[in-house]
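# Report on the structure
Chain residues, written in single-letter form:
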Amino acid sequence: MSMRLLGLGLIAVALAVGVGIWWGGRPDGSAPAVGGQPTNLTATDIAEHNAAIALMGRFEYAAAVDAYAALTKRFPEWLDLRIDYGIALLNRSRPDTEDLDRSLEIMLSILGPRPGDLRARHCIGILLLYRGMTKEALPYFLAVAEADDEDGYAACFAGDCLYQLDRMDEALAWYERARERDPYLRSAWYGAFRILRALGKDKASQEALAVFRRLEDNPQARLAEIKYTRMGPHAFVQTVQADAAPAPLPQGDVFAAREALPGGGGSSWGRGEDARFSAADVDGDGATDLLLTEAGRMILYLRRGEGFTLAVDHPLTKSRHVNAVLWGDVDNDGRVDAYLCRQGANQLWMQGADGAWTEVGEQAGVAAGAWNTHSGALLDVDHDGDLDLVLLHADAPFEVLANRLDGTFMGLPPDAGLRGRAQPAAGLIACDLDRDRDLDLIVLHADGPHAVFINDRLWRWHAGEGYGDLCAVPAVAGLATDLDADGRPEIHLLSDAGLARWERDEAGTWVHAATAEGGGTRLGVLDADGDGRLELLVDDGAAWRLLDARTLGTRYAPETQALACTPLFW
């Protein structure tokens, strides 16, 4: 039998079993525990598997095919490995080979023991679509898209199939689902544009086209194409799940003995209630330097060998009325820059290639007038590859400034949805609250209520729901953790009354989960003793302590608290 006839026969099998086998599997799309990773993998096997993944990442498909072929010969019952082999063949697909037929044969062989395997089904859809068999590919994409409600690619490919079949209303619905699941998927916006234009909905079509064009230079934007890394999460090769032995715990005390830093501000320097450190590699030598601010003044300590030296004449130390320093690479040139939060006009100091520092706050549009900016954050709020500014003022509402990456920043329009209370903000928590892979914001107000802003991307937010009790609790500082690594954060809120942890229940409502007595003003998180468990660092302005992040019990408190300067919070 010729390979051409074999290919047609395989396609006929795919059409015969495509829907029937699916409904014979689990309706939620989960796969039975069949053909899983072998338990007898050696270090050599894992190294060869990692090398095959690396070859795919370098787009060296021919070498990857050979590597996966050798592995599947040794482990023929390892179904996930066979899918990886099929994905490598799909991407090589040389004209002088029968790669597509072989890939389709592999994917079909998975559906017998694992009928609901989403990777196999998605790749069958890709293979059929690539052959121009749009009608036959559609059920596979629909099955994957319905089983995985986070996959925008399968929804987009389903829209492509329906568009080619002239089923416009259905295609538009799937493109809209794809956009909801992944607003950075440009192909979904363009697909919606084509259909809206064909349906005579000119305004809506132009809006979709405008978003498609606006995403062109966004590093987070993606396309859905039949190319590796662009076919969706179910068309990637997978890594080995190796059980790594835990690293031995460091020996000795948690903290070394205290060492005095060089003087530079007089005998009382560093002993005020508002004294605090920040850290960054200021001079680009690979070592972490320290900047101490107190009473609006600053001293810079540069790391040299095992100790620090004073940078007496550094330009940053000439500024006054400084409350806090935000470090980050504002212009993406690989060098750290500094934003000074001040009482009065804020300052943006840019570091040049020669190490010289230049203040550009006014021309960049980030001076923030005469407000008293007590803190803030440099974050990529819109996920466009540059750092934006979130400013917290003591005498004005919080403010967000978008980085244009042309040396200037801009304020947000009123309809962006990022307007909160008129009162000053005490703190900020930035994390992914709804598990959609973008940064959401909680703006803290000392006496409550706090404001929750859910990121809809593309500079749009909406108020979070289910946060009523959490937002009503007074707090001056807070942070997010993911203690059980389930992708759902826990929120820790600190006030002068104590520390509280909040978690989300199954209904999506935030509930109070744990409390620790003893309040504070600043809160940090770290693994202080290297045991793989997080501790919370609490500072009340006069003393500090480490708490177990799970139980909120005290893990460590220094015996000597004769230290007025607050600990360093990263």
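Above: the structure in question.
Residues numbered from 1 in each chain as written. Predicted model: local features only at pLDDT ≥ 70, side-chain atom pairs only at ≥ 80, totals over all residues. Heavy atoms only, no water.

On inspection of all chains with the given rule, the structure shows 26 salt bridges. Among the salt bridges present, the one from Asp80 reaches Arg114, with a minimum N-O distance of 2.6 Å. Of this pair, Asp80 sits in helix H4 (residues 79-92) while Arg114 sits in the loop between helix H5 (99-110) and helix H6 (118-130), and the two are 34 residues apart along the sequence. Both residues of the pair, Asp80 and Arg114, belong to the buried class. Across the salt bridge formed by Arg460 and Asp415, the nearest N and O atoms sit 3.8 Å from each other. Taken as a pair, Arg460 in the loop between strand E15 (451-455) and strand E16 (461-463) and Asp415 in the loop between strand E12 (409-411) and strand E13 (427-431) lie far apart in primary sequence, 45 residues in all. Residue Asp415 is classed as exposed on the basis of its relative accessible area, which comes to 52%. Overlapping salt bridges bring together Asp529, Asp531, Arg533, Glu535, Asp548 and Arg555 as one network. (Salt bridge = Lys/Arg side-chain N within 4 Å of Asp/Glu carboxyl O. Helix = DSSP H or I, 4+ residues; strand = E, 2+ residues; numbered from the N terminus. Buried < 20%, exposed > 50% of the residue type's maximum accessible area, 1.4 Å probe, protein only.)

Moving on: the pairing of strand E22 (residues 535-539). Of all the 5 residues making up E22, 5 are buried; the element is thus mostly covered by neighbouring parts of the structure. Both faces of E22 are covered, namely the face carrying Glu535, Leu537 and Asp539 and the face carrying Leu536 and Val538. As paired strands, strand E21 (residues 522-526) and E22 are joined by 5 bridges and run antiparallel to one another. Within the sheet, the bridge partner assigned to Val525 lies in E22 and is Leu536. Strand direction decides the pairing type here: E22 and strand E23 (residues 544-548), joined by 5 bridges, are antiparallel. The residue bridging Val538 from the neighbouring strand is Arg545, located in E23. Between E22 and the antiparallel strand that follows it, E23, lie 4 residues; Gly541 among them carries a positive phi value of about 95°. (Pairing = 2+ DSSP bridges.)

Next up on the list: the sheet that holds E22. Ordered by their spatial adjacency, 4 strands build an open sheet running E21-E22-E23-E24, and the pairing between neighbours is antiparallel. Bordering the open sheet on either side are E21 and strand E24 (554-556), each of which pairs with just one other strand. If you compare each strand with its neighbour and ignore which way they point, the axes differ by 35° on average. (Axes fitted to C-alpha atoms, helices over the stretch in contact; angles between N-to-C directions.)

Below, the discussion takes up the side chain of His445. One can find His445 in the loop between strand E14 (440-444) and E15. Leave out the neighbours within four places in its chain, and His445 touches Arg421, Gln423, Pro424, Ala425, Ala426, His450, Ala451 and Ala475. (Contact = heavy atoms within 4.5 Å.)

Strand order in the open sheet made by the 4 strands is E13-E14-E15-E16, with antiparallel pairing throughout. Each edge of the open sheet carries a strand with a single partner, namely E13 and E16. Looking at each pair of strands side by side, their axes are set apart by 25° on average, direction ignored.

Turning our attention to unusual backbone geometry. Each neighbour pair has its own omega, and for Gly448 with Pro449 the value is -10°, a cis peptide bond. Of note, Pro449 is situated in the loop between E14 and E15. Positive phi, close to 80°, is recorded for Thr229, a residue that is not glycine. Summarising the element assignment, Thr229 is placed in the loop between helix H11 (202-214) and strand E1 (276-280).

Before going further, it helps to spend a moment on the layout of surface pockets. By volume, the second largest pocket is sized at about 370 Å³. Along its surface, the second largest pocket is lined by 17 residues, and Arg214, Asn218, Asp382, Asp384 and Trp459 are the ones closest to its centre. Taken together, the residues that form the lining of the second largest pocket break down as 9 nonpolar, 2 polar and 6 charged. (1 Å grid on protein atoms, 1.4 Å probe; cavity = no way out; pocket = protein on both sides within 12 Å on 5 of 7 lines; lining within 4 Å. Points joined across faces, edges and corners; volume = space filled by probe spheres on them. Nonpolar A, V, L, I, M, F, W, Y, C, P; charged D, E, K, R; others polar.)

Ring pairs (aromatic) are described by centroid distance and by the angle formed between their planes. As enumerated under the stated definition, the model contains 10 aromatic pairs in all. Pairing Tyr190 with Phe193 gives two aromatic rings, centres 5.5 Å apart and planes at 45°, and the pair type is tilted. Taken together, the residues span about one helical turn, with Tyr190 and Phe193 both in helix H10 (residues 186-198) at a distance of 3 residues. Tyr190 sits in the partly exposed class, given a relative accessible area of 34%. Note on Phe398 and Phe453: the rings are 5.7 Å apart at their centroids and 50° apart in plane angle, and the pair reads as tilted. With Phe398 in the loop between strand E10 (388-393) and strand E11 (399-403) and Phe453 in strand E15, this residue pair connects regions lying 55 residues apart in the sequence. According to the relative accessible area criterion, Phe398 is buried, its value standing at 11%. Residue Phe453 is classed as buried on the basis of its relative accessible area of 4%. Every member of this aromatic cluster is reached through a ring pair, and the members are Phe59, Tyr61, Tyr228 and Phe236. (Phe/Tyr/Trp six-rings, centres within 6.5 Å; stacked < 30°, edge-to-face > 60°.)

What follows is about H4. An α-helix turns once per 3.6 residues; consequently, residues spaced three or four apart project the same way. Under the 1.5 Å per step criterion, the end-to-end length of H4 is 20 Å for 14 residues, consistent within 8% with the ideal 20 Å. In terms of burial, H4 is largely enclosed, as 13 of its 14 residues are buried. After H4 finishes, the residue Ser93 shows a positive phi value of roughly 30°. (Expected span 1.5 Å × (residues − 1).)

This part covers the packing of helix H3 (residues 61-74) against H4. The contact between H3 and H4 brings their axes to 9 Å, and the two run at 155°. When the axis of H3 is compared with that of H4, the two are roughly antiparallel. Helix-helix and strand crossings are classified by hand; for H3 and H4 the assignment is left-handed. On H4, the residues that touch Tyr61, Ala62, Ala64, Val65, Tyr68, Ala69, Leu71 and Thr72 of H3 are Leu81, Arg82, Asp84, Tyr85, Ala88, Leu89, Asn91 and Arg92. The class makeup of the residues in the contact of H3 with H4 is 11 nonpolar, 2 polar and 3 charged. (Parallel < 35°, antiparallel > 145°, perpendicular 65-115°, else oblique. Left-handed = near helix turned anticlockwise from the far one by under 90°.)

Moving on to the nonpolar core. In a soluble, globular protein the nonpolar side chains are often hidden away together inside. Core analysis: the largest hydrophobic core is formed by 79 residues, its most contacted members being Met56, Tyr68, Ile87, Met107, Ile124 and Phe141. For Phe141, the residues in contact, after removing those within four places along its chain, are His122, Gly125, Ile126, Leu129, Ala154, Phe157, Ala158 and Cys161. Judged by nonpolar contacts, the second largest core, of 19 residues, contains Ala402, Leu441, Val443 and Ala451. (Core = buried A, V, L, I, M, F, W, Y, C linked by side-chain atoms within 4.5 Å.)

Taking 1.5 Å as the rise per residue, H6 with 13 residues should run 18 Å; its terminal C-alpha atoms sit 18 Å apart, in good agreement. Here H6 lies mainly inside the structure; 12 of its 13 residues are buried. Turning to H6, its buried residues number three or more, namely Leu118, Arg119, Ala120, Arg121, His122, Cys123, Ile124, Gly125, Ile126, Leu127, Leu128 and Leu129. N-cap assignment for H6: the residue whose side-chain oxygen lies 3.1 Å from the backbone N of Arg119 is Asp117. Immediately downstream of H6, the backbone of Gly132 shows phi near 85°, a positive value. (Polar contact = N/O pair within 3.5 Å; in protein donor to acceptor, adjacent residues only side chain to side chain.)

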